[in-house]
Amino acid sequence: MALVVVMGVTGAGKSTVGIQLAERLGVPFADADDFHSPENVAKMRAGTPLTDDDRLPWLRAIGTWLAEHTGAVVTCSALKRAYRDILRTAAPDVTFLHLDGDMDTVRRRVAGREKHFMPESLVQSQFDALEPLGPDERGVVVDLGLPVDAIVERVASELS
């Protein structure tokens with residue numbers, strides 16, 4: 001069984017990939033958006049980027065959820081190494097799947113989304129905060145422009 005965090009900026013396709021990956025692996029799925037406090041959601045909806053202090057309880061809650069499972073997939077932006085360290089502390093065997101891509105593609109995706117609290121105006125701040133996976137971090141980087149099925153099969157193959 002694997003613990004996987006599907007990471008990347010807003011609009012990278014984390015939820016779409018995460019749901020399908022969890023189904024493929026036969027493990028539970030959780031969306032990090034569901035772990036945000038109402039205050040955090042309100043800040044983001046208003047176009048205000050979250051601070052590290054805003055994110056800490058959210059990251060701890062996701063880490064706790066991961067630690068409660070032997071196999072699971074959760075989405076989480078996990079933009080900074082320090083955020084991934086919090087998740088890794090809770091679940092040392094976690095693997096990160098980074099959906100990587102260019103800002104123009106992400107902006108188009110975010111602009112086309114309905115019923116999501118994250119506005120297109122925060123895409124730049126997400127890219128500014130993003131720290132790529134380090135060579136010592138267990139993870140896979142995949143182009144977010146690939147078909148979802150191809151991403152899921154590649155990751156499932158690498159995890160087995």
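Just so you know, these numbers come straight off a predicted model, no measurement behind them.

Asks: Tell me what's going on with the pattern of salt bridges, and back it up with residues and numbers.
Replies: Applying the stated criterion across every chain, the model contains 10 salt bridges. Of the charged contacts, one joins E137 and R84 as a salt bridge, the two residues approaching to 2.8 Å between their closest N and O atoms. Here E137 is found in the loop between α6 (123-129) and β5 (139-143), whereas its partner R84 is found in helix α4 (residues 81-90), with 53 residues between them in sequence. Note on accessibility: E137 and R84 belong to one class, buried.

Asks: Account for the packing of helix α3 (residues 52-67) against α4, naming residues and giving values.
Replies: A pair of packed helices is characterised by two quantities: the angle between their axes and the separation of those axes. Between α3 and α4, the least distance of the axes is 8 Å, while the angle of their chain directions is 30°. One finds that α3 runs roughly parallel with respect to α4. Every pair of crossing elements has a handedness; the one defined by α3 and α4 is right-handed. Along the contact surface, α3 presents D52, R55, L56, L59, R60, I62, G63, T64 and A67, while α4 presents Y83, I86, L87 and A90. For the contact of α3 with α4, the residue count by class is 8 nonpolar, 2 polar and 3 charged.

Asks: Tell me about the environment of A61, residues and numbers included.
Replies: Mapped onto the elements, A61 comes out in helix α3. Accessibility expressed as a relative area gives 29% for A61, which makes it partly exposed. A sequence separation of 31 residues divides A61 from P92, and the C-alpha atoms of the two residues are 15 Å apart.

Asks: Explain the nonpolar core to me, and be specific about the residues and the numbers.
Replies: Within the largest apolar cluster, 43 residues are counted, with the highest numbers of intra-cluster contacts made by V5, L66, C76 and L97. Not counting residues within four places of it along the chain, the set of residues in contact with L66 comprises L3, V5, V74, A91 and V94.

Basis of the calculations
- Residues numbered from 1 in each chain as written.
- Predicted model: local features only at pLDDT ≥ 70, side-chain atom pairs only at ≥ 80, totals over all residues.
- Heavy atoms only, no water.
- Salt bridge = Lys/Arg side-chain N within 4 Å of Asp/Glu carboxyl O.
- Helix = DSSP H or I, 4+ residues; strand = E, 2+ residues; numbered from the N terminus.
- Buried < 20%, exposed > 50% of the residue type's maximum accessible area, 1.4 Å probe, protein only.
- Axes fitted to C-alpha atoms, helices over the stretch in contact; angles between N-to-C directions.
- Parallel < 35°, antiparallel > 145°, perpendicular 65-115°, else oblique.
- Left-handed = near helix turned anticlockwise from the far one by under 90°.
- Contact = heavy atoms within 4.5 Å.
- Nonpolar A, V, L, I, M, F, W, Y, C, P; charged D, E, K, R; others polar.
- Core = buried A, V, L, I, M, F, W, Y, C linked by side-chain atoms within 4.5 Å.

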